[in-house]
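What the coordinates show
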Amino acid sequence: MSEFPGLVSGRRPVGVVSFAQYDNVRREDARNEVEMLMPVVAEVFGNIGITKDDVGFICSGSTDYLVGGPFSFVTALDAVGVWPPRAESHVEMDGAWALYEAWVLLQEGEIDAALVYCFGRSSPGDLSEILAVQLDPYYLAPLWPDPTSLAALQAQAMIDKGTATEADFAAVASRSRRSALSNPKAQVAYDRSPEELLKEGYEVAPLRRHALPPLTDGCAAVVLAAGERAYELCERPAFITGIDHRIETHSVGARDLTISPSTKLAGAKAGVGAKKVDVAELHAPFAHQELILSEALGLADGVAVNPSGGALAANPMMSAGLIRIGESARAIWSGQADRAVAHATSGPCLQQNLVCVLEGV
Amino acid sequence: MSEREPVTMMAATTRLDYVFRAGVAQSKNLHGLEQGKFIGQRCPKCKKVYTLSRGSCPTDGVPTDEIVELPNTGTVTTYCIVNVPFAGQSIEIPYICAQILLDGANLSFMGLIQEIPTDEIRMGMRVEAVWVEPEDLGPTMASVQYFRPNGEPDADYETYKEYL
C-alpha cells in the first residue's frame, strides 16, 4: 500500500502528476489558440507517458472575451481530439477553477485521472477594456476603469492605512523578477534593486511600471490522478490536501481593499496554517497584492514566496492561476518543498480567490 | 424627494475591437484562396483531409502538417433553400445553401449554389467552384463566388453518406 497524506478537503487523495505551459510571450503572432495548446497538451501527456485515452475527464478554463469570438472553448477541444466523445466541461474562469471541478469529479471515485487546461491571450484585444466589461454593469462598467487604475486605488488604500509603502511594492517586484531569472518560462526577469525600481515614474500613482504584470499570451495544462494511479504516473505526486475558493461582493467600493477576507477564509478551509509551508505560489498580478495575500494566508517569514517569479514574471490570462498550482507541484516533485500553497485570483482587486494546499509524501 | 418612476431598464453600449490572427494552418488556407486554390491538410494518424483546417485533427488532436491541394470540384452532401428574408441579406431569395464535400476531402463546408433553378438541387449533385476575377482574388472565402453544377452524373450515395 502506498502512503497518502492526511486530507483537509475531500476523502480521496488526488495528486498533480504532470504540468506544462507555453512559452509566455507578449504577442503570439503566428499560431492560433489550438496551435498554441497542441504542444502543451502533448507535453503534459508525454511527460508521464499517457494519452487522452488514459483520462476520464477533460476540463478547461478560458473566456471568449479574450478571443473575441463565440464558443472558443469548443474549438479549443480540437487540441485534444474528442472523438469518440469524451466527458468534458469548461469554466469561464482561470484554469485553477477548472482544476477544482476536475478535483470534485475525482472525489466521486468513478474516474482516476483528468486533464485540465486553460488558455488566454492578452494581445488580440485591449485588455484594459476587456477587463472593464467584467465589472458591475450598472455603476462601474460604464466608467470603463482599467485594471491598473483599480489596483492603484487598492495600493493607495494600503498606504493610507499604513500597512505598506511604495518601497514595499518595489521590494516585492525586485525579488519576484530576480527569482524569475531562473524560470525559463518567465517573460519579464531582471536583477534590479528596489532603490533602482523606485526611480521609475508612475504608471498610475502609487504604482510604477515594476508593480504591474506583463501582458502575456500563453496557455497551460495539468494532469490530475487519484489514489494509486497517482503513484503509477509520478514518483512523488503533489497531493491536494486542501482546496477551497471564496468570492467577495461585485462592488469594489463596498470592500476593504487592503485585506482579502475571501483568501483568508479559503486558506483556513484548505488548512494552510495546519503545518509548515515551504513554498507559496501566489497569483498576485500587481506587486502590492502579494502583501495582502501573504497576510491573509498567515505565511511565516521563512516561506519562499513565488520562486517562479509569480504573475509579475508572466501573466497569461485564465492560466496564471493554474500555473501557480503547476509550479507548486514542481517544487514538490523536485523535493524542494514538502508542502506548498498555491493561490489563484479572478476579478478586480482580488475579488475571488482559490487556495490549494499541495503535499508530497 | 420627488416621486419618480423606478428605473426598469438601462442601455449600456459596449464595443470591443480585436485583431484576428489566423494561425499557421488557416494562413495556408487563406493564401491558397488568394491563388484561387483550395488547400486541405492531412492528419498524419487517421489520414483524413480537412478543408479550412484550424491546424489540428479534431479526432486525434495532432497537427495536420501535410498540405494537400484539392480540386475545384465536389459533391453536394445536403442543402437547404433559403426563402426567408433577413437583415443584411446580400443574395436574392430564394437561393440554395449547400454542404460541399470537395473531391479528396473528408470534411464538407457551406457554399452558395447558383446557375440552377432552386427546385433542381439534390443530394449527390456534382458541382464546381466559380472564382472571382484573378485581380479580385484575396485571402478570403469571398474569392469563391459560388458553386455551380458541373454536368457530371450524380455521385453515388455510398461515396458521401459518411459526411451527412
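Parameters and conventions
- Residues numbered from 1 in each chain as written.
- Chains lettered and ligands numbered in written order.
- Predicted model: local features only at pLDDT ≥ 70, side-chain atom pairs only at ≥ 80, totals over all residues.
- Helix = DSSP H or I, 4+ residues; strand = E, 2+ residues; numbered from the N terminus.
- Rg over C-alpha atoms; globule rule 2.2 N^0.38 Å.
- Buried ≥ 20, exposed ≤ 12 C-beta atoms within 10 Å, placed from the backbone.
- Contact = placed C-beta atoms within 7 Å.
- Nonpolar A, V, L, I, M, F, W, Y, C, P; charged D, E, K, R; others polar.
- Domains from an automatic or database assignment.
- Core = buried A, V, L, I, M, F, W, Y, C linked by C-beta atoms within 7 Å.
- Pairing = 2+ DSSP bridges.
- Axes fitted to C-alpha atoms, helices over the stretch in contact; angles between N-to-C directions.
- Parallel < 35°, antiparallel > 145°, perpendicular 65-115°, else oblique.
- Left-handed = near helix turned anticlockwise from the far one by under 90°.

Time to look at the overall build of chain A. Scanning chain A from N- to C-terminus turns up twelve helices and twelve strands. Taken against the 2.2 N^0.38 rule, which gives 21 Å for 361 residues, the C-alpha radius of gyration of chain A at 19 Å falls within 12% of a compact globule. Overall, the C-alpha framework of chain A stretches about 55 × 45 × 40 Å when taken along its three principal axes. Out of the 361 residues in chain A, the part that is buried amounts to 58%. Of all intrachain contacts in chain A linking residues separated by at least 6 positions in sequence, the fraction that spans at least 24 positions is 79%.

Time to look at the interface of chain A and chain B. Listed by partner, the interface residues are 25 residues for chain A and 23 residues for chain B. Looking at the side of chain A that touches chain B, the elements with two or more residues in it are helix H1 (33-46) and helix H5 (127-132) of chain A. No other element matches H1(A), which puts four residues into the side of chain A that touches chain B. Residues belonging to the side of chain A that touches chain B are distributed by class as follows: 14 nonpolar, five polar and six charged.

This part covers the domain arrangement of chain A. All names here are of chain A. Along its sequence, chain A is organised into domain 1 (14-126 + 215-235) and domain 2 (143-214 + 239-359). Between the C-alpha centres of domain 1 and domain 2 the distance comes to 23 Å. With 34 residues of domain 1 at the interface, the matching set in domain 2 holds 25 residues. Put simply, the parts of the chain that give the side of domain 1 that touches domain 2 at least two residues each are strand S1 (14-21), helix H4 (95-108), strand S4 (113-121) and strand S7 (217-226). The element contributing the most residues to the side of domain 1 that touches domain 2 is H4, with six residues. Within the side of domain 1 that touches domain 2, the residues separate by chemical class into 19 nonpolar, eleven polar and four charged.

Core analysis: the largest hydrophobic core is formed by 122 residues, its most contacted members being Ala114(A), Val116(A) and Leu224(A). At nine residues, H4(A) tops the list of elements feeding residues into this core. Counting contributing residues per domain, this core is built from domain 1 (14-126 + 215-235) and domain 2 (143-214 + 239-359) of chain A, each supplying no fewer than three. Those residues in contact with Val116(A) that sit more than four places away from it in its chain are Cys59(A), Gly95(A), Ala98(A), Leu99(A), Ala102(A), Ala221(A), Val222(A), Leu224(A) and Leu322(A). Ile96(B), Ile100(B), Ala105(B) and Phe147(B) belong to the second-largest nonpolar core, a separate cluster that totals 15 residues.

Moving on, we come to the sheet that holds S7(A). Residue and element names in this part refer to chain A. Here we have ten strands laid out as an open sheet, ordered S3-S2-S4-S7-S1-S8-S12-S11-S9-S10, and mixed in their pairing. Whereas interior strands pair on both sides, the edge strands pair on one side only; in this sheet they are strand S3 (88-91) and strand S10 (304-305). Judged from the four bridges that link them, strand S2 (residues 57-61) and S3 form a sheet pairing that is parallel. Bridge assignment links Ser 60 to a residue of S3, and that residue is His 90.

The subject of this paragraph is helix H11 (residues 287-297) of chain A. Residue and element names in this part refer to chain A. For H11, the buried fraction is high: ten of the eleven residues fall into the buried class. The complete set of buried residues in H11 reads Ala 287, His 288, Gln 289, Glu 290, Leu 291, Ile 292, Leu 293, Ser 294, Ala 296 and Leu 297. Considering only its buried residues, H11 is in contact with helix H6 (147-161), helix H7 (166-179), helix H10 (261-269), strand S9 (279-281), S10 and strand S11 (339-346). Just downstream of H11 lies Gly 298, where phi reads positive at about 65°.

This next bit is on unusual backbone geometry. Pro206(A) follows Ala205(A) through a cis peptide bond whose omega is 5°. Tracing the backbone through its elements, the reader meets Pro206(A) in the loop between strand S5 (202-204) and strand S6 (207-208). Here the amide bond leading from Ile93(B) into Pro94(B) is cis, since omega sits at -5°, within 30 degrees of zero. Among the structural elements, Pro94(B) can be located in the loop between strand S4 (73-82) and strand S5 (95-102). Even without a glycine there, the phi angle at Met318(A) is positive, about 65°.

The next thing to look at is the environment of Ser294(A). Residues and elements named next belong to chain A. Structurally, Ser 294 can be placed in helix H11. Each C-alpha atom of the pair Ser 294 and Ser 18 lies 27 Å from the other, and the pair is 276 residues apart in sequence. Ignoring anything within four residues of it in the chain, the contact list for Ser 294 reads Leu 299 and Val 305.

Turning next to the packing of H10(A) against H11(A). If you want to describe how two helices pack, look at the angle between their axes and the distance between the axes. Residues and elements named next belong to chain A. The interhelical angle for the contact between H10 and H11, taken along N-to-C directions, is 40°, at an axis separation of 8 Å. Considering the angle they form, H10 stands oblique to H11. Crossing angle aside, the handedness with which H10 passes H11 is right-handed. The residues of H11 that touch H10, namely those facing Thr 263, Lys 264 and Gly 267, are Leu 293, Ala 296 and Leu 297. For the contact of H10 with H11, the per-class residue count stands at three nonpolar, two polar and one charged.

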